[in-house]
Amino acid sequence: MEQIVYPQQLKRVTRALWIGGALTVVIIVVTAWWLSERHRRELRYDGAVSGDVLVSSDGRTLTTSARWTPCHEVRPQLQAQESANTVMLVLKGGEADLRHQCKSTDEQVSTTLAAPLGARRLVDTSTGATITPIDSSQLADPRYLPAGYKQTEEIDDEPDTPPGERCLASPYFRAESPAWTRFYRKGRTRLSLAIAQVAKGTPDDAHGAAATIGGHPAHLQERSSNRCLKWSNGTYTFAVFTQDTQLTTDQLLQIAQQLDTPVR
C-alpha cells in the first residue's frame, strides 16, 4: 500500500533537513577555523639562541633577547632540555599570519630550569655552540636614575650609533666576551637610557673626553644624537648610553658614579 505524505509532514521533513544541513556547514566552518588557529598557534620551529644569555643569581632562570613581529608570529619561547652535564637551549618561533604589516619588536624571553645551571655546559641546540652566560649577581645596579626612568624588557628601536663606534654590545649577537644591557625608558618615549656591561677588562674604543668613574679612567663620547660614557674596573667594561637630550651630562656622570659595580 502506497504511503501518503501529507504537505505538513513534507514541510517538517524539509525543515529538519535544512536545519541539519545548516548545522553541518556551521560545524565544518568552525572546525576548520579551530584547526587553522590551533595550527597557527602551535606551529613552532627551532631557532638559534644568537644573543647573550643572562643567568639569575639562583642559577635557575635563563634570559636572552629575541626579535619578532607580533602580527606575523606568535611570541618566541625560550626552552631548555636538561641533562646531568648540559643544558640545551632553543628559541622556539612560529609563523602566524603574514597578511598584515607591522613593526618588529625586541623583547627579553626567559625559561626556568628544574635545577640550577651550576657547572653544566650551556649549549645552543641549533648550532651546537657553547654559550657562556653572564651572571646577574655580577651586574652593576644603578643607585641613581633621574625621575621618570623605568627599566623595560621591550626594545622597540635600536640605539642610534655610527658604524664602528658602537657604544653597546648588540643583544642579538654573541661576541667573545659575555655581555648584558639593561634598557630604561622615560614615560612612553623611545629608548632613553641603557647601561651595558661586558666581561672584559679593556674598552674597545677608548676615545672621547677624559673623565674618572670610581677612580678608573673613563671616556665620554658626545655626538649630536647621543652620548656614551665608557670605563673599566679591570674585570668588566661598563657603558652608560643615552639618546635623551634632556638628560644632562652631569646626570649621566652621576648615574655612572653611583653604579653599584661588582668587586672581584
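By convention here, each chain's residues receive numbers from 1 onward along its written sequence. For this predicted model, a pLDDT threshold of at least 70 governs which residues receive local features, and a threshold of 80 or more governs which side-chain atom pairs are given and counted, while totals over whole chains, interfaces and linings are taken from all residues. Computation of side-chain values: all heavy atoms of the structure, hydrogens and water removed.

**Q** Would you mind going over the nonpolar core with me for this structure?
**A** Soluble, globular proteins show a tendency: their nonpolar side chains are buried together. Membership of the largest hydrophobic core comes to 24 residues, with the highest contact counts inside it found for Leu193, Leu229, Trp231, Val240, Leu252 and Ile255. Taken together, the elements giving at least two residues each to this core come down to strand E12 (179-186), strand E13 (193-198), strand E14 (209-213), strand E15 (216-222), strand E16 (227-232), strand E17 (237-242) and helix H2 (249-257). The leading source of residues in this core is H2, at three residues. Throughout, a residue-residue contact means that at least one pair of heavy atoms, one from each residue, lies within 4.5 Å. Contact partners of Val240, with chain neighbours within four places excluded, come to Leu193, Ala194, Arg227, Cys228, Leu229, Trp231, Leu252, Ile255, Ala256 and Leu259. Among buried residues, those of type Ala, Val, Leu, Ile, Met, Phe, Trp, Tyr and Cys that are joined through side-chain atoms within 4.5 Å constitute a nonpolar core. Only protein chains enter the calculation, and the probe is 1.4 Å; a residue is then buried if its accessible area is under 20% of its type maximum, exposed if over 50%, and partly exposed in between. Helix numbers and strand numbers start at the N terminus; a helix is a DSSP run of H or I with at least 4 residues, a strand a run of E with at least 2.

**Q** Is there a simple way to think about the packing of aromatic side chains in this case?
**A** Any aromatic ring pair is given by two values, namely how distant the centres are and how the planes are angled relative to each other. Pairs were defined over the aromatic rings of Phe, Tyr and Trp, the Trp ring being its six-membered one, requiring ring centres within 6.5 Å. Orientation was assigned from the angle between planes: stacked under 30 degrees, edge-to-face over 60, tilted for the rest. Considering all chains together, one arrives at two aromatic pairs under this definition. Seen from their ring centres, Trp231 and Phe238 are 5.4 Å apart, and the 25° between their planes marks the pair as stacked. The burial state of Trp231 is the same as that of Phe238; both residues are buried. Between Tyr236 and Phe238, the aromatic rings sit 6.3 Å apart at their centres with planes inclined by 50°, giving tilted as the arrangement.

**Q** What is the right way to read the environment of Arg227 from this model?
**A** Within the element layout of this structure, Arg227 appears in strand E16. Counting along the chain gives 22 residues from Arg227 to Thr249, while the straight-line C-alpha distance between them is 8.3 Å. Dropping the residues within four chain positions of it, Arg227 is found in contact with Leu220, Gln221, Glu222, Val240, Phe241, Thr242, Asp244, Thr245, Leu247, Thr248, Thr249 and Leu252.

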